[in-house]
Amino acid sequence: MAGDRWTDPVGFERMWGELAQVGRSARTGGYFRQPWTSADNELRAWFVGEAERRGLDVEIDGVGNVIAWWAPDGVTGPGVLTGSHLDSVRDGGAYDGPLGVVSALAAVDLLRERGFVPARPLGLSVFAEEEGSRFGRACLGSRLAVGALDWAAARELRDRQGVALPDALAGAGLDPGDIGPRADLAERIACFVELHVEQGRDLVDRGEPIGVASEIWPHGRYRFEFKGEANHAGTTRMEDRHDPMLTYAMTALAANKQARLAGQRATFGRVEAEPNGTNAVPSRVTAWLDARCDSDAALSDLVEVISRQAGERAERDGTAVEVSEESVTSAVSFDADLAARIAGDHEGGDWPVIPTQAGHDAGIIAAAGVPTAMLFVRNPTGVSHAPSEHAEMPDCLVGVSALADTLERLAGPS
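Here the structure is a predicted model, which means the values were calculated and not measured. (Residues numbered from 1 in each chain as written. Predicted model: local features only at pLDDT ≥ 70, side-chain atom pairs only at ≥ 80, totals over all residues. Heavy atoms only, no water.)

### Focus: the overall build of the protein
Rule in force here: Counting from the N terminus, the helices are DSSP H or I runs at least four residues long and the strands are E runs at least two residues long. Here the globule rule is a power law, 2.2 Å times the number of residues to the power 0.38, and the radius of gyration is based on C-alpha atoms. Using a 1.4 Å probe on the protein chains alone, a residue whose accessible area is under 20% of its type maximum counts as buried, one over 50% counts as exposed, and one in between counts as partly exposed. The contact criterion used is simple: two residues touch if any of their non-hydrogen atoms lie within 4.5 Å. Each accessible area value is a Shrake-Rupley result obtained with a 1.4 Å probe; residue values ignore everything except the protein chains displayed when judging cover.
Helices and strands together make up the secondary structure of the protein, namely 13 helices and 15 strands. Taken over the C-alpha trace, the protein has a radius of gyration of 23 Å; the compact-globule value for 414 residues is 22 Å, and the two agree within 12%. Overall, the protein is about 80 × 45 × 40 Å in size when its C-alpha atoms are taken along their principal axes. Residues classed as buried in the protein amount to 53% of the 414 residues present. Here the contacts in the protein between residues at least 6 apart in sequence split such that 77% fall between residues at least 24 apart. Of the roughly 17,300 Å² that the protein leaves accessible, carbon and sulfur atoms contribute 48%.

### Some words on the nonpolar core
As a reminder of what qualifies: Nonpolar cores are built from buried Ala, Val, Leu, Ile, Met, Phe, Trp, Tyr and Cys residues. Side-chain atoms within 4.5 Å join them into one set.
One finds Phe12, Trp46, Phe47, Tyr95, Leu99 and Leu375 to be the most contacted residues of the largest nonpolar core, which totals 58 residues. Per element, the largest residue contribution to this core is ten residues, and it comes from helix H3 (residues 98-114). Residue contacts for Tyr95: discarding those within four places in its chain leaves Trp16, Val197, Glu389, His390, Ala391 and Cys396. Within the second largest apolar cluster, 24 residues are counted, among which are Ile189, Phe192, Phe334 and Val370.

### A few points about the packing of aromatic side chains
Rules: Two rings belonging to Phe, Tyr or Trp (six-membered ring only in the last case) form a pair when the distance between their centres is within 6.5 Å. Interplanar angles under 30 degrees mark stacking, angles over 60 mark edge-to-face geometry, and anything in between is tilted. We call a charge positioned above a ring when the Lys NZ or Arg CZ atom is no farther than 6 Å from the ring centre and deviates by at most 35 degrees from the ring normal.
Taken as a whole, this structure holds nine aromatic pairs when the rule is applied. With centroids separated by 6.1 Å and ring planes inclined at 65 degrees, the aromatic side chains of Phe226 and Tyr248 adopt a geometry described as edge-to-face. Placement of Phe226 in strand E7 (residues 219-227) and of Tyr248 in helix H9 (residues 244-262) is noted, with a sequence separation of 22 residues between them. Taking relative accessible area as the criterion, Phe226 reaches 0% and is therefore assigned buried. Classification of Tyr248 as buried rests on a relative accessible area of 12%. Arg112 extends its terminal NZ or CZ atom over the ring of Trp70, reaching a point 4.6 Å from the ring centre. Over the face of the ring belonging to Trp288 we find Arg270, whose NZ or CZ atom lies 3.7 Å from the ring centre.

### Structural notes on the side chain of Arg241
For clarity, the cut-off: For the purpose of counting charges, residues Lys and Arg are taken to be positive, whereas Asp and Glu are taken to be negative. His and the chain ends are not included. What counts as a salt bridge is simple: a side-chain nitrogen of Lys or Arg found within 4 Å of a carboxyl oxygen of Asp or Glu. N or O atoms within 3.5 Å of each other form a polar contact, as long as, within protein, one can give a hydrogen and the other can take it, and as long as residues adjacent in sequence are counted only when both atoms are side-chain atoms.
By the element assignment, Arg241 lies in the loop between strand E8 (231-232) and H9. Lacking a salt bridge, the buried Arg241 has Asp243 as its closest oppositely charged neighbour, with an N-O distance of 5.1 Å. A polar contact is formed between the side chain of Arg241 and the backbone oxygen of Ala233, at a distance of 2.8 Å. With residues near it in sequence (within four places) discarded, Arg241 still touches His232, Ala233, Thr236, Val281 and Asp317.

### As for the pairing of strand E2 (residues 66-70)
Put simply, the test is: By the convention used here, strands pair only if DSSP detects at least 2 bridges between them.
Burial runs high along E2: five of the five residues are buried. Residues Val66, Ala68 and Trp70 point to one face of E2 and Ile67 and Trp69 to the other, with burial holding for every one of them. One ladder, built from four bridges, connects strand E1 (residues 57-60) with E2; its direction is antiparallel. Bridge pairing links Val58 to Ala68 in E2.

### A closer look at empty space enclosed by the protein
Short version of the rule: Using protein atoms alone on a 1 Å grid, points that fit a 1.4 Å probe yet trap it form a cavity, whereas open point sets bounded by protein on both sides within 12 Å along at least five of seven lines form a pocket; residues with an atom within 4 Å of a point count as lining. Grid points are joined across faces, edges and corners, and a volume is the space filled by probe spheres set on the points. Three categories are distinguished: nonpolar for Ala, Val, Leu, Ile, Met, Phe, Trp, Tyr, Cys and Pro, charged for Asp, Glu, Lys and Arg, and polar for the others, with Gly belonging to the last.
Across all of its chains, the model carries three cavities of 30 Å³ or more by this definition. Taken as a whole, the largest cavity spans an internal volume of roughly 80 Å³. Looking at the lining of the largest cavity, the elements that each hand over two or more residues are helix H2 (38-53) and strand E4 (122-127). The greatest single-element share of the lining of the largest cavity, amounting to three residues, is contributed by H2. Tallied by class, the residues present in the lining of the largest cavity amount to eight nonpolar, one polar and four charged.

### Re the sheet that holds strand E9 (residues 265-274)
Heads up, the condition is: Every axis in this analysis is a line fitted to C-alpha atoms, fitted for helices over the stretch in contact. Angles between the N-to-C directions lie between 0 and 180 degrees.
The strand order E9-E11-E7-E12 describes an open sheet built from four strands, whose pairing is antiparallel. Each edge of the open sheet carries a strand with a single partner, namely E9 and strand E12 (320-329). The average undirected angle you get between the axes of adjacent strands in this sheet is 20 degrees. Looking at chain direction, E7 and E12 are connected through nine bridges and run antiparallel. When the bridges of E12 are listed, Gly220 appears paired with Val328. H9 contacts E7, E9 and strand E11 (284-292) of the sheet and is inclined by roughly 170 degrees relative to E9. Along the sheet, helix H10 (residues 296-317) makes contact with E7, E9, E11 and E12, crossing E7 at roughly 5 degrees.

### As for the packing of H9 against H10
Here is the rule: Note that the term roughly parallel is reserved for angles under 35 degrees, roughly antiparallel for angles over 145, roughly perpendicular for angles of 65 to 115, and oblique for everything else. For a crossing to be left-handed, the near helix must be turned anticlockwise from the far one by less than a right angle; the clockwise case is right-handed.
Across the interface, H9 lies against H10 with an axial gap of 9 Å and an inter-helix angle of 150 degrees. In terms of orientation, H9 and H10 fall into the roughly antiparallel class. The element H9 and its partner H10 pack so that their crossing is right-handed. Across from Leu246, Thr247, Met250, Thr251, Ala254, Ala255, Gln258 and Ala259 in H9, the residues of H10 making contact are Leu302, Val305, Ile306, Gln309, Ala310, Arg313, Ala314 and Asp317. Across the contact of H9 with H10, the residue classes break down as ten nonpolar, four polar and two charged.

### What to know about the pattern of salt bridges
Enumeration according to the criterion identifies 23 salt bridges in this entry. For Glu312, the salt bridge identified is with Arg308, shortest N-O distance 3.9 Å. With Glu312 and Arg308 both in helix H10, this residue pair falls four residues apart, about one helical turn. The class of Arg308 is partly exposed, set by a relative accessible area of 45%. A network of salt bridges, in which partner residues are shared, links Arg14, Glu18, Glu50, Arg53, Arg54 and Asp109.

Shape is all these values report; function is a separate question.
Pasting the structure below:
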């Protein structure tokens, strides 16, 4: 019955142990689970195997999005979907994404242990390229699945090595064809629930194991291209240089200052220099800004002021700068009624309802008009997108129970 707490961690621990070494760096302990690589293929195959062990019907689209359906005979109509992703940022943590996938499988086990039979299709999903770590477009798989990104645009994407997306897919044994993967997910589901490790310290500070999301801050990725003049690092006088690295450095400092003043977030986390020689003034520096704000207007204002200061500095340095949007997602509010029901449906009082500054597939699906909710599991380190990201096993099991309770209400008889 809903509310029963799952106390047997054997199945969860087995699955977690099987995932633990896939794509893990022996040097850093972090994970390199790049989309459409051997690690990603292994993870997808693992999920398909787990789904088939449970008798679920598996569908895989042309970009590697996977949905495993639990739909007893005669059960039809728009389904209830849960799940997350299995790819990682470069040198990322173990929990971001996989916790939601393993918890979804474990929640099905718990529901069956309770004797629950869904009255509407219940799907477990794994979305491709959620992090955008290879092709620079966050939540690429879910964007394609709901039609938020057109296949004609997606197929033009290139990774850092210049590999085109269709070629990467072909290398992974996938074929989206000329028209791309099906883009009707929003019409096929009644609601979506994503469980995720918290990427911050809110739940730690509150002393709560579980939280429910209220909204996702608007966020974007912006490419800054600084152009200068290559020259000799020793023979070129400082006053004769047109060094784009200086323009970039001052722009990074400006981004930090402006974000702090506005109470927002701005990070230059990726930089490439040309010709990238120790003894040469660079000719070009390309840097990517990640900006996140509490409103769409604040995001626009923050990027505008950083870009303006970059241009002013470029004038002084005798360089030039061009700024372009690569991926921008507006503010997303989750279904308030659904969040309130989830937050209040457990013993001991309400789970906290909190905002998040991190992007998720849930945000893309909510923006497509599907009632959506998120559950967060406490992260005692408060660190994410890094090897020290963590969640304690007791909290993970509370998360499984909370997810099972939610799915039982949503997929049960009306």
